[in-house]
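Residue-level structural notes
Read off the chains here:
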Number of protein chains: 2
Amino acid sequence: ADVAAGKAKSAVCAACHGNNGISMIPMYPNLAGQKEQYLVLQMKAFRDGERKNMVMAPMAAGLSDTDIDNLSAYFASLDPAGK
Amino acid sequence: ADVAAGKAKSAVCAACHGNNGISMIPMYPNLAGQKEQYLVLQMKAFRDGERKNMVMAPMAAGLSDTDIDNLSAYFASLDPAGK
């Protein structure tokens, strides 16, 4: 996966999940340092409607598998403590 | 919420999510330092079937709201870097 491409793609995610992958909103999860494969599974579930969420559905709708791999690699690469 | 009670209740969770809240299994998420309210929402969603997962459904089935609050407080209190 291409972490740099993931970072570029992640601009819209930062609004909720934070620039460093630590969410500023208690209902929304931190993504920094999360398991890459878990992130892939969740984004695909949101995209395919297997996991229902009104905010994430439109976010994931336009993502290709490659986008999802790159985004997952990017967030997994971030420091879980947000530094 | 009662972090100590959450810790006591979390013994069964450690098998997948790790003793320190860092998962040893790529498909399963790290929980250490995750957002408390997010964890509450997810465990309730698993318990009530709103979020479908064959592994988590039976895990969450027996949890009371208090259990869920305590578990969420416990995992949120853990060092996101797993130390």
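Notes on the structure in this doc start here. (Residues numbered from 1 in each chain as written. Chains lettered and ligands numbered in written order. Predicted model: local features only at pLDDT ≥ 70, side-chain atom pairs only at ≥ 80, totals over all residues. Heavy atoms only, no water.)

This part takes up the pattern of salt bridges. Residues and elements named next belong to chain A. The tally for this structure, following the rule as stated, stands at six salt bridges over all chains. Ionic pairing is found between K9 and D67, a salt bridge with its closest N-O pair at 3.9 Å. Here K9, found in helix α1 (residues 3–9), pairs with D67, found in helix α5 (residues 65–77); they are 58 residues apart in sequence, far enough to count as distant. Three or more residues are tied together by salt bridges with common partners; here these are R47, D48 and D65. (Salt bridge = Lys/Arg side-chain N within 4 Å of Asp/Glu carboxyl O. Helix = DSSP H or I, 4+ residues; strand = E, 2+ residues; numbered from the N terminus.)

The next thing to look at is the state of the cysteines. Residue and element names in this part refer to chain A. Per the counting criterion, the structure on display carries zero disulfides over all chains. C13 forms no disulfide, and the closest cysteine sulfur to it belongs to C16, at a distance of 9.0 Å. Using a relative accessible area of 18% as the deciding quantity, one classes C13 as buried. (Disulfide = S-S within 2.5 Å. Buried < 20%, exposed > 50% of the residue type's maximum accessible area, 1.4 Å probe, protein only.)

Residue-level contacts link 18 residues of chain A with 18 residues of chain B. On the chain A side of the interface with chain B, the three residues burying the most area are K35(A), Y38(A) and R51(A), jointly 31% of the side's total. Counting across the interface, chain A meets chain B through zero salt bridges. Counting the contacts that link chain A with chain B gives 14 residue pairs in polar contact (both at pLDDT 80 or more). Residues that form the side of chain A that touches chain B fall into these classes: 10 nonpolar, six polar and two charged. (Contact = heavy atoms within 4.5 Å. Buried area = accessible area lost by both parts, 1.4 Å probe. Polar contact = N/O pair within 3.5 Å; in protein donor to acceptor, adjacent residues only side chain to side chain. Nonpolar A, V, L, I, M, F, W, Y, C, P; charged D, E, K, R; others polar.)

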